[in-house]
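One-letter residues, chain by chain:
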Amino acid sequence: MTVVAGVDVGNATTEVVLTSGGKILAAGRVPTRGRKGSADSLRGAAALVRRVERRAGCTVTEARIAPLRAVDTAVVTVPDTVPPRGRLRVLAAGVATPGGAGVCVGPPLPLSAAGLPSGPPVPRSAGSPFVAVVPAGLRYDEAAAQLRDLLAAGTPVGAVLVAGDEGVLVANRLPGGLPVVDQVDAAAAAACQLLAVEVRPPGHTLSLLTDPVALAARLGLAGHEVADAVALGGALADHANAVVGLLAAPADAVGPAPDEPWVQTADGGRLSLRDACQQLPAWPVGTVRAFGETGVDDLFAVDLAAVADAATARQGSTGRALLVASLSRGAGPRAPSPAGLLGDLLAVPARSPASEPAAARHGALTTPGASPQAVVVDLGAGTIDVISAESDVVAAGAGDLLTAAVAETLGIPRAAADWVKRGPCLRVDGGQRFEAEDGSRGFLTAPAPASAAGMLAVEGPGGLLPFDRKHGPGEWRAIRIRLKLAVLAANFQRAVRTLGPDLSQVLIVGGPAGDEELLGIIARSLPPGVAVGRGDVGGTLAGEPLGHRYAVALGLALAQP
């Protein structure tokens, strides 16, 4: 009996399908070892073939594998370009441990370890309170004692800034609920002419500091400086606490601007990565030919700040990194053949009868109801392959890019993000109670850990997986959908535009195709009337169907010799 092993080495997962006479015998998958196409990845593939072979009780007589190219997904943090704000400086915004509540505008009053205010007397206008500044090294109890003495002596102190992270401890030892903001640069605060401090109750956002008219009046800004207050107010939107300093004169930053990553297009043009992010969705696949000094066949990137703005997410609640996926240049003629290496490892003949896109189409069309003219979309960890009957396009950026986006947005490990990205979550209200994204409430089948109370959670590999406290269920849904539109739908659209087919039916296969929200995401990016379905690979063949995975591996196994 001739038994053929179709081997698909992906960027994240390696899959194997055994067939004989067009019948599916067995299949299996494991995480890819090392980099796709490396010797380690092929050794892992050979070990998987042997494992599936033993489970099926047969002996492989031939192996088939496609030529391999790796995709790199990286998180690149590009510094924001801070607009000129004249004499205004943001000294703190959205700190996690403020104390008290209220608003104060006044000159700084630096404290010292000696128990007396440091520096020369600070001039102030009549009725204007001081903003006390606690330097680093001054204990919270000592600072609180000094502040109580000043208040008892009649010194008008309207707010407190703390260099350390002990704002709550200081606030709890002061009368009257004075606003206290910690993690502030004490030297920078002391150098300001005036300080504007605002701390709002939990769940509320800044009022004075985001109102340029009121802030300009309180700080005594000149008419030409109101534009600086407008820019500052936009940057502080959605924050619950902040400190703004007014300098005596503008102090422009000195030194060279930070280096930004850059890309080079096929026509030789060069532009910064952040600027390219805005244009990449409209460019054909393959437009970018270099990322820095590294040559690439394609590149796709996502600006998390732009996604957050599109989702109207609260400022400061998501990351601001740029996420990049690049498709490595094809292997040169002297590079080792993956078929040759795999054949040596298995001691059987091995060939490369088809490319990954061609194999994916062949495997996907074994889905019941698939049209011969269907456009197949193979979503992998590293690429989106869009394949028509006549041609194909391989675009960088897919599952790994979405995982990285979720991880960076929420500040969680990628291993957790791989589960969080897949679909709806719930918020654990405590014990067994939960609230879903649609506002419905219910009871968990088992009590959640006490540490999960108030957290968003999804089903993970070992049960409930808590992952975030910063967002509500509905807010996270809006951000998640925008991330999927920015990563998967936008990349799919540019691949379709590059390929140029007339769409009547779209079949989606690959690991990310299991995402329960994906069909709706892709359908939103297509004209009305286009049927979008999830592949059921092998559904028209003898043997057990393989679901939405294994399209490439099955297509290779079924390819004509």
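Draft legend 1. Looking closely at the packing of aromatic side chains. Under the criterion given, the structure shown has one aromatic pair. Its guanidinium or amino end placed over the ring of Trp262, Arg270 lies 3.6 Å from that ring's centre, counting from NZ or CZ.

Draft legend 2. Structural context of the pairing of strand S26 (residues 456–460). When you tally the buried positions in S26, you get four out of five residues, the bulk of the element. Looking at chain direction, strand S23 (residues 426–430) and S26 are connected through two bridges and run antiparallel. Across the sheet, residue Leu426 finds its bridge partner in S26, namely Ala457. In this sheet, strand S27 (residues 463–468) lies alongside S26 in antiparallel orientation, the contact comprising five bridges. Paired with Glu459 across the bridge in S27 is Leu464. Where S26 folds back onto S27 in an antiparallel hairpin, the turn is made up of two residues.

Draft legend 3. A positive patch on the surface, seen in detail. On the surface, Arg33, Arg51, Arg54 and Arg55 cluster together into a positively charged patch. Inspection of the secondary structure puts Arg33 in the loop between strand S3 (23–31) and helix H1 (39–56).

Draft legend 4. Expanded view of the packing of helix H10 (residues 356–364) against helix H15 (residues 551–558). Running from N to C, H10 and H15 point in directions that differ by 90°, and their axes come no closer than 7 Å. It follows from the interaxial angle that H10 and H15 lie roughly perpendicular. Mapping the contact onto sequence places Glu356, Ala359, Ala360, His362, Gly363 and Ala364 in H10 and Ala551, Val552, Leu554, Gly555, Leu556 and Leu558 in H15. A per-class count over the contact of H10 with H15 returns eight nonpolar, three polar and one charged.

Draft legend 5. Molecular detail of the side chain of Asp378. Along the polypeptide, Asp378 turns up in strand S20 (residues 375–379). Here Asp378 occupies a buried position and makes no salt bridge, while the nearest side chain of opposite charge, Lys36, is found at 8.2 Å. Apart from residues no more than four positions distant in its own chain, Asp378 is found in contact with Ala360, Thr383, Ile384, Asp385, Ile387, Val509, Gly510 and Val552.

Conventions adopted
Residues numbered from 1 in each chain as written. Predicted model: local features only at pLDDT ≥ 70, side-chain atom pairs only at ≥ 80, totals over all residues. Heavy atoms only, no water. Phe/Tyr/Trp six-rings, centres within 6.5 Å; stacked < 30°, edge-to-face > 60°. Lys NZ or Arg CZ within 6 Å of the ring centre and 35° of its normal. Buried < 20%, exposed > 50% of the residue type's maximum accessible area, 1.4 Å probe, protein only. Helix = DSSP H or I, 4+ residues; strand = E, 2+ residues; numbered from the N terminus. Pairing = 2+ DSSP bridges. Patch = residues over 30% accessible without salt bridge, like charges linked within 9 Å, V, L, I, M, F, W, Y side chains within 5 Å. Areas by Shrake-Rupley, 256 points an atom, 1.4 Å probe, with all protein chains shown as cover. Salt bridge = Lys/Arg side-chain N within 4 Å of Asp/Glu carboxyl O. Lys, Arg positive; Asp, Glu negative; His and termini not counted. Charge placed at Lys NZ, Arg CZ, Asp CG, Glu CD. Axes fitted to C-alpha atoms, helices over the stretch in contact; angles between N-to-C directions. Parallel < 35°, antiparallel > 145°, perpendicular 65-115°, else oblique. Contact = heavy atoms within 4.5 Å. Nonpolar A, V, L, I, M, F, W, Y, C, P; charged D, E, K, R; others polar.

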